[in-house]
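Report on the structure
Here's the letter readout for the chains.
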Amino acid sequence: MSNLPTSLATDQQLVALVLRGNTAAFGQIVQRTQGLVTQMVFKMIRHPADRPDVAQEVYLKVFKNLAGFKFQAKLSTWVGQIAYNTCLHYLEKKQLVLVDLSEQKPDSSSEEGRSPPLALVAGPDYDPETALFDKDLASILSIAIEQLSPLYRTLISLYHQQEMSYEEIAQITSLPDGTVKNYLFRARKLLKQHLFSQLSTRRLMMSAHLAERALQEAAESASLLPASQAAHLHGC
C-alpha cells in the first residue's frame, strides 16, 4: 500500500496512511471533500472574511480526530458532520440565527421520494418559454437561496447540489430524517414563492413594455396614413 498513489487509494487506505504520517494522503482527503466543505461553509457563513478560518478549523478537527473515525459512515459524511458542527459553533458564538422563525410556518404537506432538480422548483406547470424569456432565472434563484436562513441554504445545497440522501443529510446535521424532509419542503416552498413573485413582476414589466411599443408602432403607422384614415385609427 505504501507504493499506491494516494489518488487511487480507498478512503480506508487514506486514513491508514495519514495515521502513519503520510501528509500527501491527508491532502487527498482534503481534495476529495473540499467541494462539500466549501459548499457548507459558504452557505452557513455569510461573512466572506470568516470563511477561510472556518474551513481551516474544519480540517484541523478532521486531522485531530481521524484516529477515532471508525467508518460508521462514509468519510465524506463524517467530514461534512464536522464542517456542519464547526459552522454551527461559529453561528452560536456570533449569536446568529440558524433558522429564521418567520420560516417556521406549519405545513400540512409532506414529500415522498426525491424531488425534481432545483431548477424546476417552480413546479411541473412551469412554462419553458418563460425560462427562455427570463435569462436571469439562475440569478434570481441564487439570490433567493441567499435570502434563506443558514440551515435552509445548507440543506438545499446538500440535497440538490451535493445530491445527498435524506439519511446522509440527517447524519451530517444530526436532525431526524422527517425534520430534514420537512425543512427541505419549507425551503423549496419559499424559493417557489420568490420565483413566482419575481417572474410575475417581470411579466408585468414586459407586458407594459410591449403595450407601449405597440402604441408607438401604431402612432408611427398613423403618421404614414392619409389624414382621414389616421383620424379613424386614433378614434378606435
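Quick notes on the rules
- Residues numbered from 1 in each chain as written.
- Predicted model: local features only at pLDDT ≥ 70, side-chain atom pairs only at ≥ 80, totals over all residues.
- Heavy atoms only, no water.
- Helix = DSSP H or I, 4+ residues; strand = E, 2+ residues; numbered from the N terminus.
- Buried < 20%, exposed > 50% of the residue type's maximum accessible area, 1.4 Å probe, protein only.
- Contact = heavy atoms within 4.5 Å.
- Areas by Shrake-Rupley, 256 points an atom, 1.4 Å probe, with all protein chains shown as cover.
- Salt bridge = Lys/Arg side-chain N within 4 Å of Asp/Glu carboxyl O.
- Axes fitted to C-alpha atoms, helices over the stretch in contact; angles between N-to-C directions.
- Parallel < 35°, antiparallel > 145°, perpendicular 65-115°, else oblique.
- Left-handed = near helix turned anticlockwise from the far one by under 90°.

The next thing to look at is the overall build of the chain. Along the chain, the regular secondary structure elements total 10 helices and 0 strands. Among the 236 residues that make up the chain, the fraction classed as buried is 37%. Across the chain, the fraction of contacts at a sequence separation of at least 24, relative to all contacts at a separation of at least 6, is 69%. Counting every atom, the chain has about 14,100 Å² of accessible surface; 55% of that belongs to carbon and sulfur.

Considering all chains together, one arrives at 4 salt bridges under this definition. Between Asp11 and Arg32 there is a salt bridge whose closest N-O contact spans 3.1 Å. Residue Asp11 is found in helix 1 (residues 11-19), and its partner Arg32 is found in helix 2 (residues 23-44); the two are separated by 21 residues along the sequence. Since its relative accessible area comes to 26%, Asp11 is described here as partly exposed. By relative accessible area, Arg32 is classed as partly exposed at 35%.

Okay, the packing of helix 1 against helix 2 next. To describe two helices that pack against each other, one gives the angle between their axes and the distance between the axes. For the pair helix 1 and helix 2, the least separation of the axes is 8 Å and the interaxial angle reads 140°. Taken together, the axes of helix 1 and helix 2 lie oblique to each other. Once helix 1 is placed against helix 2, the crossing between them reads as left-handed. Residue-level inspection shows Asp11, Leu14, Leu17 and Val18 of helix 1 in contact with helix 2, the latter providing Ala25, Phe26, Gln28, Ile29 and Arg32.

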